[in-house]
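Structural features, examined
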Protein chains: 4
Amino acid sequence: MIVVLKKEATEAEIRHIEQKAAALGLKSHISRGEERTVIGFIGPEDKLQMIPLEIFPGVEQVIPVLAPYRLVSREFRPQDSLVRIKEGVVAGGKKLLIIAGPCSIEGPEMLLSIARRVKVAGATVLRGGAFKPRTSPYDFQGLGEEGLRILKSVGDEAGMATVTEVMDPRDVALVARYADMFQIGARNMQNFTLLKEVGQARKPVLLKRGPCATVKEWLMSAEYILSQGNFDVVLCERGIRTFETETRNTLDINAVPAVKMRSHLPVIIDPSHGTGRWGLVTPIARAGVAAGADGLAIEVHEAPEEAVSDGAQSLLPRKFEAMMADIRRVALAVNREV
Amino acid sequence: MIVVLKKEATEAEIRHIEQKAAALGLKSHISRGEERTVIGFIGPEDKLQMIPLEIFPGVEQVIPVLAPYRLVSREFRPQDSLVRIKEGVVAGGKKLLIIAGPCSIEGPEMLLSIARRVKVAGATVLRGGAFKPRTSPYDFQGLGEEGLRILKSVGDEAGMATVTEVMDPRDVALVARYADMFQIGARNMQNFTLLKEVGQARKPVLLKRGPCATVKEWLMSAEYILSQGNFDVVLCERGIRTFETETRNTLDINAVPAVKMRSHLPVIIDPSHGTGRWGLVTPIARAGVAAGADGLAIEVHEAPEEAVSDGAQSLLPRKFEAMMADIRRVALAVNREV
Amino acid sequence: MIVVLKKEATEAEIRHIEQKAAALGLKSHISRGEERTVIGFIGPEDKLQMIPLEIFPGVEQVIPVLAPYRLVSREFRPQDSLVRIKEGVVAGGKKLLIIAGPCSIEGPEMLLSIARRVKVAGATVLRGGAFKPRTSPYDFQGLGEEGLRILKSVGDEAGMATVTEVMDPRDVALVARYADMFQIGARNMQNFTLLKEVGQARKPVLLKRGPCATVKEWLMSAEYILSQGNFDVVLCERGIRTFETETRNTLDINAVPAVKMRSHLPVIIDPSHGTGRWGLVTPIARAGVAAGADGLAIEVHEAPEEAVSDGAQSLLPRKFEAMMADIRRVALAVNREV
Amino acid sequence: MIVVLKKEATEAEIRHIEQKAAALGLKSHISRGEERTVIGFIGPEDKLQMIPLEIFPGVEQVIPVLAPYRLVSREFRPQDSLVRIKEGVVAGGKKLLIIAGPCSIEGPEMLLSIARRVKVAGATVLRGGAFKPRTSPYDFQGLGEEGLRILKSVGDEAGMATVTEVMDPRDVALVARYADMFQIGARNMQNFTLLKEVGQARKPVLLKRGPCATVKEWLMSAEYILSQGNFDVVLCERGIRTFETETRNTLDINAVPAVKMRSHLPVIIDPSHGTGRWGLVTPIARAGVAAGADGLAIEVHEAPEEAVSDGAQSLLPRKFEAMMADIRRVALAVNREV
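An account of the accompanying structure is given in this report. Treat the numbers as computed from the prediction; the structure is a model and nothing was measured. (Residues numbered from 1 in each chain as written. Chains lettered and ligands numbered in written order. Predicted model: local features only at pLDDT ≥ 70, side-chain atom pairs only at ≥ 80, totals over all residues. Heavy atoms only, no water.)

**A word on the relation of the copies chain B and chain A**
When chain B is fitted to chain A, the best match, at an RMSD of 0.0 Å, comes from turning it 180° and sliding it 0.0 Å along the axis. Taken together, the rotation and translation relating the two chain copies correspond to the operation of a two-fold axis. Nearest to the rotation axis, the C-alpha of B:Cys212 is located 2.9 Å from it, this being the minimum over chain B. Interface overlap between copies: 98% of the residues of chain B at the interface are likewise at the interface in chain A, consistent with a symmetric, same-surface contact. (Least-squares fit on C-alpha atoms with pLDDT ≥ 70 in both. Contact = heavy atoms within 4.5 Å.)

See below:
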C-alpha cells in the first residue's frame, strides 16, 4: 500500500498515519519528494485495507500495490489449471471445451435431437437452462426440476457432460444431483451468497462475467468460490455493457489473454450472448479461439423461430456444424484441437 | 410491435410472418413504403415477444411499442404512490424521506450514538448493514442476526424506522422480524429469486439500481416485486458504472426526473455510494432534492477512520447536520420539506 | 512517480531503472516490502513521463503521483477565477452565468425575438450556432458568416454578450470579430489544433466536455488553452456517453463539485444537450445550481417543432421563464443569485 | 419513419402530424392498435428527419427505419470495395493489409531500420506520426514537416507505402505531398472540418473509430468523406472506452463482422492502441484476422524503452516477426494471406 500525501500535509498528520499502521503491525517507509511526500507500508497489506486511509488528514491518494485475489492468481499457481468436468471432458488443456445446446430446456425430444447433432460436430458438454433469469417477471422462467431431469437423461443418452444455471442458493444441492457443472449467470456474478454455496459443493463451476464487472472483480468472484475449497472454476466471457447498440453486448475479447496472464483458470467465451446476433457468432467464435480461449459456449436450437428464449442469437445445427469446421482450422493454427 | 422488413423481403416471407402472428391472435397491418415495408401488429404484444421475430426470413428490425412494465407505470397508476414504512414515516409525499446511518452495524453503542445525532438532524429511518455484500471474500461480511438485533433495539430506542440489506432469499423472514424495510442492494437488483421472495413479504422494499442497469431494467426489477403483490417499493439511484474514475460511481441525477415521468413509485438518491467521496456527498444531495428526489440515503459514521467498510464516503455527524441545513433550504425552494 | 516492481525483479533490473532516472536528473528512493519492492522518484516528474517505465524489465506497475495539469489546478491558483465575457457579464462570481438561445441561428427576427424574451427572464449571454457540427453530412450545417453577423447585431440590439461555436482553426479570427466568447464543442474537446488556436486568441472560451472525456482529460484540454496564454476558460458539462438510453447523454452532475475541487475555473452545465429531452431540462438545471455550478447553458426556441436542429431538447420561451423562476429560488438557497 | 402516439393522443394531434408530413411530400399510413396508434410515413425519410417529431403533441416515440448513411452501405454497393493505396498495395482483397511502424517518427535511421525489418516480415505500409495529438500540451508534439520528409524518403528507400496522421485541415495539402494515405485519428473522427478536407483530396484515408463512437457514427463519418467524392476509405477499429481498466481501451472485435455486414469498406484493427499493452497485441491481432478483418496496424519500435510516445504498446521487431508467423497461420485458416 502506498499513500501519497497532500502538499500541505503536516508532520503530525504523517505521524498519525504511521501510528495507525504500526498498530496493525506494519512498517512505514517515507520518501520526501520535491512536490509530494509518499509513504510505503511494509507488512500484510490486507490489514491496511480494512481502514479507509483516504480520509485521514493529509492524505491525497491511496494506491494498493497487490492484486486483491490470491488463490486464482498465477503467482499462487503458475501453471494452467485443468478442470475436469466428467470422465474425458476437461477444460484448460490442448483440447478446446465446446459447450452447446439451447438457451432453455423446452422438452426431451428437442434436446436429444440437438445433443446428437452437436456431439457429432464436436461438442462434449450439453447446456440448457432449467431455471431462467428473465428481465421480465412475465417471461418464461424455465421448467425447473423437470428440466433438470430431462437434461440429465439426455446427457446420459447422448454421452455428454451437462451444465445448467443455478440461481437460488437453495437449489444448489438439487442441481448437483442432475448436472455435471453449475453455471453462475452473469447477473449473479456478485451474488455472494450463491458463490459461497457453489464453493462448498463438489462440482465444477462455469462462472460467467457480469455485464459490468471488471476483470479484477470477475477474478474476485472466482476467488470467493476457490476460498470455499472448490478450485474447479472455468471462467466465461459473455460480453460487457457499453454504449454500443449494434450488438446486444460487447464481447470483450481482450479479457481472454488478459485473464490468462493473471490467472491459472481456464477461460472460454460465449459469442451467442456476447453479441446477441447469430450472424456474428461464427466470426467471434473464431476470434476467441485465435485469442487463446480454452473453449466456447454456443447456443444451438433446431428452430430458433420457435425458441422460448434468446432465439435471435441461436445457431441452427447445420450452422453450428459449419462453425465447428471453421473452429477446427483456427484451432490448428494456434496449436489447439477440438 | 412493429416489424421492419428487408428491402428484398418476399411476399412469401411476409405471409409467413402474418400467419405466425395470426396463430397468436394478432392482426397485421402492412405499410408499403418506397424503400421499406413495415408491419404493425394489433393485439396483445406480450404474446409476440415470445417469438424471436428478428430471425424470421425477410426481417430487418423489430421494434417494441409498449414499455415492458405495467404495474410500476404511470399509465397503471397516474398519481404518485405513498409508501408507508412505519407509523409517520412515509416516502413519496411532500416530506422528504431521510435515511441515515453507518454502512455496517459494528456495535450497539456506536449505532445508538449515530441514531440520536441523525434523528435530531432530521433523519427518520436508520440504516445499517448486518449482511454485507463484499467484493472480496476476505473482507468483513457483517454481524448477521446479531446485527439485526442491534438495529432493531437501537431503532426502537431512538424512535426511528429501520432499513437493512437482505442478500439471501433464506434470510427474508429473519430480516422481516427485525427491520421495517428491506434493502435490495445494487448487485442484487437482478437477483430474481430474491426479488420474488421480498415480493411475497409484507414489508416495504428499498430497491437500489444496479450499477449497469438501465432505467427500464430497474423498473422491470421493481415490476418483479409488484407482480408478487408487494406494491411498497421505493427506488434508490446510487450511481452507475461509467468510464469516469474521478468518482467511484457516476450518480445519474437524470434518472430521478426520468423515473418520475415513467413511474408512480417514490425515488430517492444515495450520494454516498453514488460518488464514493464524502466531499461530494453534500453538493450531490442538494442536487438530488433540487431534481425532485423524494429523499436521501446517507452514510454517517462517528469515526470514519475506524469504519470497517466504506469509511471514505461516510459523513461525520456534524457534517451530516450541516448537510441537513443545506437540504432544508433547497427543499423549501422546490416546495418540499424535511 | 512510483514504480512497483515484480516479485521476481532482479538487482540488475533495479539498477537499470535507477540509472535511467539518474540520467534524467532524478533521485530514486527504494522501499523493499515483504512482497514487493517499490521505487519512488524525486525530481521533475514530467521528465520521467517521457519514458515508458512500464515496459522496463522487472516493472509491474507505474503510478504517477502528480496530476498532469498545472495552470488549471487549485494548487496553481487557490481562489476561484472570474472570467469576464463582456462589460458586466462575468462567470465564476456570486451571480450565475445564464446562457440561452437556439441551437442554430436561423434568421434575425427569430433570434431577436428569443433574445428579448430570455434577457428579460435573466439570461445575459446569447448563444446560437453559425457553424454546426452534424453527425450526418446531409444535415443543416449552419449559416456561416451570415449567421455570425446576425448573432452580433442581435446581441448588440438586445444588449447581451454572445457565444458561438468555432469548429475550424481557420475560422478563429473570423469568429472573434463577431462574438464575445468562443465555444469549443464536445466533439472538438481534443481537437488540439483548435485548442491552441483559441489559446492564442484574446477572447474567453467555453470549453464543453467531450462525451467520453474523463474530468482529467477535460482539465488537460483546458490546460492546452491556458498554456497558450489565454486564461479565460469556462468549463461546460454537457453529458457523457453511457449505456443508458433513457436520456441522450448522461449529464454528470458529480463532475461539477469534482471539478471545483481540482480547478479554479468556473464550471456551468448544459442540461439541454446533457439530457436531450426538454422535459428534463428544468429539474436538471435546478440540480446543477444546487450542486454548485456557476451557471447554465439552455437551448430556447420559439417553435421547437420548426427548429432545424435539436428541437427536441429546446424550451419554449415561456418554459424558460418558468425555469428561471425555479432557478432563482434554488440559487437563493445556495447563496447564489441570477 | 414510424411515429408511435401516446395513448391519449387526439384526432387533432394526428391530423397535425399528417399535415406536417404532407407539406414535406410524404404520405402517412395509420395503424390503430389496441393500446397504441402508429403512423408510418412513406416518402423521403431524410426530409422528415429535419423536424423534431418527438416534441409534437401526442407523440410518444419516433423510430427511424433507414440507416442514416447511404454511400458507405452494402445496399449502395453490395460487393467489397478494394482500396488501392499504392501500386501493389490494396486493402479489402484476399491479401491482408499490414501497416507497421513506430508511433512517432523520431529520426531517419531509426525509421529505416524498422521499415526494413517489418517489410521483410510482411508489412507493406509504413506508419509513423509527424503530427501527434497528445492529451498534454507539454508532451512531444511530433517533428512536423521534417517528419513527413523522413517518412517519404524512408518509404521510398524501403519500397513501402506510407500512412501518417493529419490533424489540421490546413495541413492536408502538405501531408498529401509526402504520404500515400491520410490517417484520421480517433479523437478527430468527428472533426467534420477535417473529414470534408480529406474528402476533397485524392488520397486514401485510414479512418480510426472514435473511442466513444458507435458503429453507426463511425460509418456516418466515413459517409462525410465519401460524400465529398473520396471513396477510398479504410476503417480502423482501435478500441472503445469502457469501464474496464485492465486494458487502455477495449478493442471491439465485434465491430469487425458487424461493419462488414453493413458496409462495403475494408476494416482493419489496431491492437496496439486497442489494448495499450504489448503483451496483448499478438493474441488480439490473431483474433482480428480470425474475425474477418482486412488487415492490421501495429506499432513497432526498436527500443520501446526509448520511444518518445506509446512505448508501452509497441512490439520489438523480433516480436513483430513472431506475430507475423502466427498471423500467416491464422490467415490461412480463414482463407486469407499475408
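Let's pick the thread back up.
**Observations concerning the pairing of strand E3 (residues 37–42) of chain A**
Residue and element names in this part refer to chain A. Of all the six residues making up E3, six are buried; the element is thus mostly covered by neighbouring parts of the structure. Of the two faces of E3, both are covered, the one formed by Thr-37, Ile-39 and Phe-41 as well as the one formed by Val-38, Gly-40 and Ile-42. Note that strand E1 (residues 2–5) and E3 share three bridges and pair antiparallel. Within the sheet, the bridge partner assigned to Val-4 lies in E3 and is Val-38. Relative to E3, strand E2 (residues 27–32) runs antiparallel, the two sharing six bridges. The partner of Ile-30 across the bridge, within E3, is Ile-39. (Buried < 20%, exposed > 50% of the residue type's maximum accessible area, 1.4 Å probe, protein only. Helix = DSSP H or I, 4+ residues; strand = E, 2+ residues; numbered from the N terminus. Pairing = 2+ DSSP bridges.)

**Quick word on the sheet that holds strand E4 (residues 59–63) of chain A**
All names here are of chain A. The strand order across the open sheet formed by four strands is E2-E3-E1-E4, and the pairing between neighbours is antiparallel. The sheet is open, and its two borders are formed by E2 and E4, each paired with just one other strand. Going from strand to strand, the sheet's axes swing by 20° on average, the running direction of each strand aside. (Axes fitted to C-alpha atoms, helices over the stretch in contact; angles between N-to-C directions.)

**So, the relation of the copies chain C and chain D**
For the match of chain C to chain D, the screw axis carries a shift of 0.0 Å, the RMSD comes to 0.0 Å, and the turn is 180°. When the interface residues of chain C are mapped onto chain D, 98% of them are again interface residues, pointing to one common binding face.

**Section: the packing of aromatic side chains**
Residue and element names in this part refer to chain A. Within this structure, the stated rule accounts for eight aromatic pairs over all chains. Centroid distance Phe-192 to Tyr-224: 4.6 Å. Interplanar angle 20°. Geometry classified as stacked. Of the two residues, Phe-192 is situated in helix H6 (residues 192–199) and Tyr-224 in helix H7 (residues 215–227); the sequence distance between them amounts to 32 residues. A single burial state applies to Phe-192 and to Tyr-224, both of which are buried. (Phe/Tyr/Trp six-rings, centres within 6.5 Å; stacked < 30°, edge-to-face > 60°.)

**Some thoughts on the sheet that holds strand E4 (residues 59–63) of chain D**
All names here are of chain D. The strand order across the open sheet built from four strands is E2-E3-E1-E4, with neighbouring strands paired in antiparallel fashion. The open sheet terminates on both sides in strands that have one partner only, identified here as strand E2 (27–32) and E4. Strand-to-strand twist of the sheet, defined as the mean angle between neighbouring strand axes without regard to direction, takes the value 20°. Packing of helix H1 (residues 11–23) onto the sheet brings it into contact with strand E1 (2–5), E2, strand E3 (37–42) and E4, and relative to E2 it is tilted by some 150°.

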